[in-house]
Amino acid sequence: MWYKDGILFETGTTDKIAATGLVPCTPYNFTCQIIKEVGPSVPTLSASTLSTSAIQLTSSLIATSYKFTQNGIINVRSSSLVEFENLAPGTVYEYTLSIVQDGVESEASSSIFACTNPSTVSSLTEVCDSDSSTLKVMWSYPLAGNLDYYDIEMVGVEETSLANTQNSYTFQNLQPNTEYTVKIRGKLNGTNLTAPCEGAWSTINLITELPTLNFSLQPESSNRISLQLLTLIPNIQCIIKRTGEQITSSFSDIYVDEGNHLLPGKQYTYVFLCKRNDGCIIEVGREKQCTLPEPPAEINQISASEAEVEFNVVQPTTNIDGYSYSLYGTIADEAIAPIIILSNQQSSTKYYYCIFSYILCEGVRLNSSEICVDLYTAPEKPSVEVCALDTKSFQVTPTITSSNPDISFYVNVNNVTIGSYSVGDVVIHNNLIPGHSYRVDARASYFGWVGDKSDEVTICTLPSPPTGVEVVSDLNSLTLKWSPPSDGSATTFEVKEGSNNWIDVNGLLYQYTFNNLASGTSYTLQVRSKIAGCSSCTDGNAEAVSTPVPYTQCTRPTAPIISDISANSPTSLTIRWRTDVDNCDTVYIERNGLEIGSASGVFNFIDDNVIPGSNNTYALKCEICITKVSTYSIEIFECATPLPPSECSVLAYSSTSILTKWIFPTIGEASGFLATIDEDESSEYDTSVNISHVFSGVAPTTEHNVCVQTYITCAGSLTGTNPKSECRKCSGFVGPEMPTQMMQLNMKFTPIISDISANSPTSLTIRWRTDVDNCDTVYIERNGLEIGSASGVFNFIDDNVIPGSNNTYALKNGGKLELQALSKNDFPYLDSTLNCGTQYGYFVSSEKANFRQYSVVAESCSAPDIPVKVTAESLSSSSLKLHWERPKCGDWTGFFVQVDSSTPIKIGTKRESEYTFNQLDSATQFSLRINSYLICSPIAQEINSTFIDVITFTKPVPPIIDSSKPLIPSNLRCTTINERTIQITYDTSSDTVYNLYENNFKVESSIDEPHQEINLIPGTNYSYHLIAVGATSNLTSNASDVVKVCTRPLPPGDVVVIEETYESISVKLSWPKIGEASFFMLEISQDSQSYNITPPVFEHTFSGLNSASLYGISAYSVLTCDGALQGELISQKFLIVEASAPLVPTIASLTTVSNSILQLDIDTTNFGKTFFVIKCIINDHLKTTTIESSFTDLYQFKNLEAGTHYTVQCQASYRDGIAFNDRGVDWIENRISALSAGVVMAPYPEPPQNVMIRSVEDIVIQICFLLPDRGLYDGFEGFPSSLPSVLFNNTAGGMCMNFSVAAGTPYELQIASKCGSVNSQLVSAPVTTASTFNVL
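Since the model is a prediction, treat every value here as computed from it, not as a measurement.

K.L.:
Give a detailed account of the overall build of the protein, specifying residues and quantitative values.
P.N.:
The number of helices and strands found in the protein is zero helices and 115 strands. Burial analysis of the protein (1336 residues in total) assigns 42% to the buried set. Summarising the internal contacts of the protein: among those between residues at least 6 apart in sequence, 62% fall at separations of at least 24. Carbon together with sulfur atoms contributes 49% to the accessible area of the protein, which is approximately 69100 Å² in total.

Listed below in structure tokens is the structure:
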């Protein structure tokens, strides 16, 4: 303790202090007091490493004893030099030291740190990835202790690595094949160590590897690989091994490995081994290489499209990884699969592709030799234009953008190819069915590769035009009538008048009336057939219509009216007509249907050519058009006075009777004659139309006078009488007996019809033979009725035949031929001037003094003519054939043929011209005979001509050869393929061909099996049988069994919905466009039942349906086939999609929103929100407003009149989209429900205007106002607060009303206009009643 001037100045443990802060030149007194005795000094400790397990410590001071601490453990020693042993190698230790002297221990020295040397590294080895310029060594961490890093040295090499912390090191840039010594030791260099601790060196001798040799392995073929050493090292011996097999004993620089031991496309590993300086065999190189793969075995193109080529590569026998292909030497692409598709090619092009196989060998692609081939792309998709040319042909024009001349086209009609054509060809397809639908498409071909099919075009041939067109005129209308074409090619028709548009006419109606026409006017009408829904040309979508049939006709004018007919004389009548109805430019007068004159500008006509006594009917015809369409007046009947007979004669008939004869009047008509004798009216005799009368019982040899008058029966005439002519008188004597001096032979004959031919469906020509004609006039009868006559000609044209009718024609001789005047001694009479095979009739008349008697007619026939050009033909050893031509003259019924004296054989038809006699003896002479015969109807006998004989011989018996007939075709089967195709199969035999018969007519020869009959009529029964024909013998078999089969019917022509309700759909079917059907079958979705409809019923109603729902309706035609194995054939489906009507919507409420708006709330529970539209109608008796919404429950009707009652009704409409039906893409829409019941409501009325409220007296409040300025209202209602409301009606202009209230009380007064139960907005104002009455 230190004191300054007696005052403690400082304390400390040292023997020196420093006094500071003193005053200069001032004496101070310092003193020190020792409090305790100080021990030994603190020693200095040093350490050194002795080994991996020992550390030596040394003290700097000498003391009695030494107290060491090692890592906190005390160790007392007597010496200042101490070794600590058995320590852990490579470990850092902390040491301190304090010394003891004279029993006093010093303070401990500062800590020092020392370490033991690390252990020697173990497992020092060479790492195998060393090479010729590097050596890599590797070692293990010491087995005990620690270290921080390694020292690594290579003897003789400057490169040394210090502080390496890894357990491996690589020496680089060394000499190859050289020995080196490598040393390594561990070091421990702790943080507090003054020097590192080093372990002992570990040493290893190493030799660098031989250098890596660079080799080149080149595959030269599929069994050859060339090996070459690129880096040469002198004095090194090397060998080569291939995949474990040594292939060389020595190797310089080049080696070729080839032979069958190498497989194509296979990988091989080559190992290169060399001897090192130490004698070790070291691998100095290893390479993999493959032989080249085999090329493709074959290349075949398998398909082509417009932009793609697909070909098949036949894989070689060995494995490959894929293929590469080049186009004209340039690599195009590669593929793995054997089927390769080349895309993005140009259409209609030939490509030269080369293909080679490849393998991937160590990432390198090795290619085989190439195979080259021509590949073709298909042409692009063509387009097709089709136009119908007429009823049986259409023109197909396929086109394509490519101009390649090697392109051809295949044209298909109904999926059947009709031919191949070049670019630019125009294809005409003939022999088609009129008015029939055909599907046409085309494919283009390029060197046999066919492209995509064009879009299919549906085209219809033109239907045949209507026939039998006529027009019926009326005053203000023309009715155009026609008949459908007989081939059934039309489904509907169109008509037009003048330049107006065409009008569709229902296909079942064959007439159309044009109304509202001007009377007496000429119109040109046209009609044409049409195929509904089908085009005749792809250019412009032309309709399939026939050539129009024009007809020009006029409407009838107003008919004139005959007012009077008066007689001027027996040959003259005056006809008059009314003037007030005349509208004719010219009036033509007709008598008895024949025009006799005309008149213009006058109203009468004098007929000066009346036949006396004639019954005449007059009519007036008004014509104003060049077509002479006329209107006839009512016919008026009148008779003229007849003329007497032109001649009269009296002839002696017997000794007591005379014959009076007369001749019809030369002019005029006669209904009959009245004859009287000797003016005795009682003898008057009505002879009717007879022109002779015998008066009996008269005096003989006496002259008598006879009067003959003509009379007319004139029923319905204006006069009502039957006029008689003047008397024609004649006289004569009663004669003696019948004169016999002179006789007259007369003959009638029957004309012979030779031919009847058809000119048209309504016209036939009848011809008769000219070689037997001796008629003045021939009368023609059809079906027993006379239809005309002919004179001087030998044919007659009947233009009034009913199409398709069966008719019987006969000819009648209109006169007689006087042959010769004979005496009775000339009988019997031989007539040698007759024609052969002709029927004749004879009668005889005798005459004297105008008195003639007639015999009955006797009829017979002349013998027929003989056959001509009679020849005989020897057919075989047992048969002869007789040939002849028909007789050249007259008629005949048939022939008799005879061989030798056998019984004649009758051939009962005149058309035969040959006959074969069978079962005759061979090589024998025969006499063949023939004559003709005629069955003579009047005498019912056969009249024969003379026989003609022909001598001939049968052939000798030929050598026996196999000439048997072929077998009858067996197992004939007919299968319906579709509507127009039937497939025929049967069992065949060798050396035999087969002829096919359809409906007993041969239709095909030498058919193949199976065979298809195409282009048949849909829905039609057919029968087929076969006859086999020997391929060499030409002999025919008997017919096979007949098989009946039917083509499948077409579906119905259309299915039309005629009515929909919310629970039903009614449809109507039409007949198939072609062919027949027995009945129809209908199906509807959601119903498993089918419904049959048998014509004439064509309608059906599906009931019990859900409302507003889509239904698919399928219709089928069904044909009941006669074929035993077929039964019923069902057509393809005709599908339409229709919807039932929706339910009637329900109006939930109709409320008033304002004085111009009503709000409607619809109950939409039964309606979805997708395909429904609710349409509501509000009707104020002045207008109808329709509001449609896509869907919402609420509607607002705006801009309405205030206070007006409105009636609201709603209905639902339904629409839906469908993708397809047989009529194409369509929408189901406009399915509308019935209207709902009406709901009545009115908007608020307008409130009163200019409302004024005042207190009139202490208990009365008055309100005055003007009436609303617009809208309707039917009264007003006041609402004083706390009081009942008051109703009152309006007055003109305005009004006031009083309310009785309590005096001095405040009130809220409101007033509103009223419209029924609806009030306007309230108008209000406060008011307080006065305590006393005050007039305001």
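K.L.:
How would you explain the environment of N312 if you had to name every residue and give the values?
P.N.:
Looking at the secondary structure, you find N312 in strand β28 (residues 309-314). What N312 contacts, discounting residues up to four positions off in sequence, is E298, I299, N300, I302, P338 and I339.

K.L.:
Give a description of the state of the cysteines that names residues and reports values.
P.N.:
In total, this model carries nine disulfides according to the counting rule given. Note on cysteine connectivity: C387 is disulfide-linked to C537, with sulfurs 1.6 Å apart. Of this pair, C387 sits in strand β35 (residues 383-388) while C537 sits in strand β48 (residues 522-537), and the two are 150 residues apart along the sequence. With its sulfur 1.8 Å from that of its partner, C648 forms a disulfide with C730. Here C648 is found in strand β59 (residues 647-654), whereas its partner C730 is found in strand β65 (residues 724-733), with 82 residues between them in sequence.

K.L.:
Describe the nonpolar core, with residues and values.
P.N.:
Residues F311, Y325, I340, L342, Y353 and I355 are the most contacted members of the largest nonpolar core, which totals 19 residues. Sorting the residues of this core by element identifies β28, β29 (322-327), β31 (339-342) and β32 (350-361) as the ones contributing at least two each.

K.L.:
Outline the packing of aromatic side chains, listing residues and values.
P.N.:
Inspection of every chain in the model, using the stated rule, returns 28 aromatic pairs. By the ring-pair criterion, three or more aromatic residues cluster together here, those being Y66, F68, F84, Y93 and Y95. Over the ring of Y358 we find R365; its NZ or CZ atom is 5.0 Å from the centre of that ring. For the cation-ring pair, R528 lies above W502, with the distance from its terminal atom to the ring centre recorded as 3.9 Å.

K.L.:
Before we move on, could you go through the pattern of salt bridges and cite the residues and values that matter?
P.N.:
Using the criterion set out here, one finds 24 salt bridges in the structure. A salt bridge links E105 to K67, with the nearest nitrogen and oxygen atoms 3.7 Å apart. Of this pair, E105 sits in strand β10 (residues 104-105) while K67 is found in strand β6 (residues 65-70), placing the two residues 38 residues apart along the sequence. Close ionic contact of K881 with E914 constitutes a salt bridge, the shortest N to O distance being 3.6 Å. Linking K881 in strand β78 (residues 880-885) with E914 in strand β81 (residues 914-917), this pair joins segments that are 33 residues apart in sequence. Under the relative-accessibility criterion, K881 is labelled buried at 17%. Through salt bridges that share partners, E494, D504, R528, K530 and E543 make up one connected network.

K.L.:
Give me the sheet that holds strand β8 (residues 81-84): which residues, what numbers.
P.N.:
Read from one edge to the other, the open sheet built from three strands follows the order β4-β5-β8, with strand pairing classed as antiparallel. Every other strand in the sheet has two partners, leaving β4 (45-49) and β8 as the edge strands with one partner each. Neighbouring strand axes in the sheet, compared pairwise and without regard to direction, differ in orientation by 20° on average. Inspection of the sheet shows strand β5 (residues 55-59) paired to β8 by four bridges, in the antiparallel sense. Its bridge partner lying in β8, T58 is registered against L81.

K.L.:
Give me the pairing of β48: which residues, what numbers.
P.N.:
Along β48, twelve of the 16 residues are buried, which leaves the element largely enclosed by surrounding structure. Direction of pairing for β48 relative to strand β50 (residues 549-554): antiparallel, over a ladder of six bridges. Bridging from a neighbouring strand, Y523 pairs with Q553 of β50. Note: β48 against strand β49 (residues 542-545), four bridges, orientation antiparallel. Its bridge partner being in β49, K530 is matched across the sheet by V545.

K.L.:
Give a description of the sheet that holds strand β104 (residues 1194-1197) that names residues and reports values.
P.N.:
On the basis of which strands lie adjacent, the open sheet formed by three strands has the order β100-β101-β104 and antiparallel pairing. A single partner strand is all that each edge strand has here, and the edge strands are β100 (1146-1152) and β104. Looking at each pair of strands side by side, their axes are set apart by 20° on average, direction ignored. The pairing of strand β101 (residues 1158-1163) with β104 spans four bridges and is antiparallel. Residue pairing in the sheet places Q1159 in a bridge with Q1196 of β104.

K.L.:
Lay out the environment of S902 in plain terms, naming residues and giving numbers.
P.N.:
Residue position: S902 is located in the loop between β79 (894-899) and β80 (905-907). The partly exposed category is assigned to S902, whose relative accessible area is 30%. At 2.7 Å, the side chain of S902 and the backbone oxygen of V899 are in polar contact.

K.L.:
Which residues make up a negative patch on the surface, and what values go with them?
P.N.:
A cluster of like negative charges, contributed by D678, E679, D680, E681, E684 and D686, occupies part of the molecular surface. As for its placement among the helices and strands, D678 is situated in the loop between β61 (672-677) and β62 (680-688).

K.L.:
Can you lay out unusual backbone geometry for me, pointing to particular residues and giving the numbers?
P.N.:
With an omega dihedral of 0°, the bond running from E1009 to P1010 counts as a cis peptide bond. Mapped onto the secondary structure, P1010 falls in the loop between β88 (1001-1004) and β89 (1011-1013). Note the cis peptide between P1095 and P1096, where omega equals 15°. Along the chain, the position of P1096 falls in the loop between β95 (1090-1093) and β96 (1099-1102). One non-glycine residue, N415, lies in positive phi territory at about 65°. Position of N415 relative to the elements: it lies in the loop between β37 (407-413) and β38 (416-422). In this structure, N999 takes a positive phi of about 50° despite not being glycine. Structurally, N999 is set in the loop between β87 (992-998) and β88.

K.L.:
Talk me through the confidence of the model for the protein; I want residue IDs and the actual numbers.
P.N.:
Averaged over the protein, the pLDDT score is 80; the fraction of residues at 70 or greater is 84%. In the predicted structure, residues 814-819 sits below a pLDDT of 50 and forms 19 contacts with residues beyond four places in sequence or in another chain. A low-confidence stretch, residues 1330-1336 stays under pLDDT 50, and its non-local contacts, those more than four residues away or across chains, total 14 contacts.

K.L.:
Lay out a nonpolar patch on the surface in plain terms, naming residues and giving numbers.
P.N.:
Taken together, the side chains of I302, I339 and I341 make up a nonpolar region of the molecular surface, amounting to roughly 250 Å² of accessible area. On the accessibility criterion, I341 (44% relative accessible area) is partly exposed.

K.L.:
Tell me about the side chain of R782, and please be specific about residues and values.
P.N.:
Summarising the element assignment, R782 is placed in strand β69 (residues 778-782). For R782, the side chain forms a polar contact with the side chain of D798, separated by 2.7 Å. In contact with R782, not counting residues within four places along its chain, are I787, D798, N800, N807, T808 and Y809.

What counts as what
- Residues numbered from 1 in each chain as written.
- Predicted model: local features only at pLDDT ≥ 70, side-chain atom pairs only at ≥ 80, totals over all residues.
- Heavy atoms only, no water.
- Helix = DSSP H or I, 4+ residues; strand = E, 2+ residues; numbered from the N terminus.
- Buried < 20%, exposed > 50% of the residue type's maximum accessible area, 1.4 Å probe, protein only.
- Contact = heavy atoms within 4.5 Å.
- Areas by Shrake-Rupley, 256 points an atom, 1.4 Å probe, with all protein chains shown as cover.
- Disulfide = S-S within 2.5 Å.
- Core = buried A, V, L, I, M, F, W, Y, C linked by side-chain atoms within 4.5 Å.
- Phe/Tyr/Trp six-rings, centres within 6.5 Å; stacked < 30°, edge-to-face > 60°.
- Lys NZ or Arg CZ within 6 Å of the ring centre and 35° of its normal.
- Salt bridge = Lys/Arg side-chain N within 4 Å of Asp/Glu carboxyl O.
- Pairing = 2+ DSSP bridges.
- Axes fitted to C-alpha atoms, helices over the stretch in contact; angles between N-to-C directions.
- Polar contact = N/O pair within 3.5 Å; in protein donor to acceptor, adjacent residues only side chain to side chain.
- Patch = residues over 30% accessible without salt bridge, like charges linked within 9 Å, V, L, I, M, F, W, Y side chains within 5 Å.
- Lys, Arg positive; Asp, Glu negative; His and termini not counted.
- Charge placed at Lys NZ, Arg CZ, Asp CG, Glu CD.
- pLDDT = per-residue confidence, 0-100.

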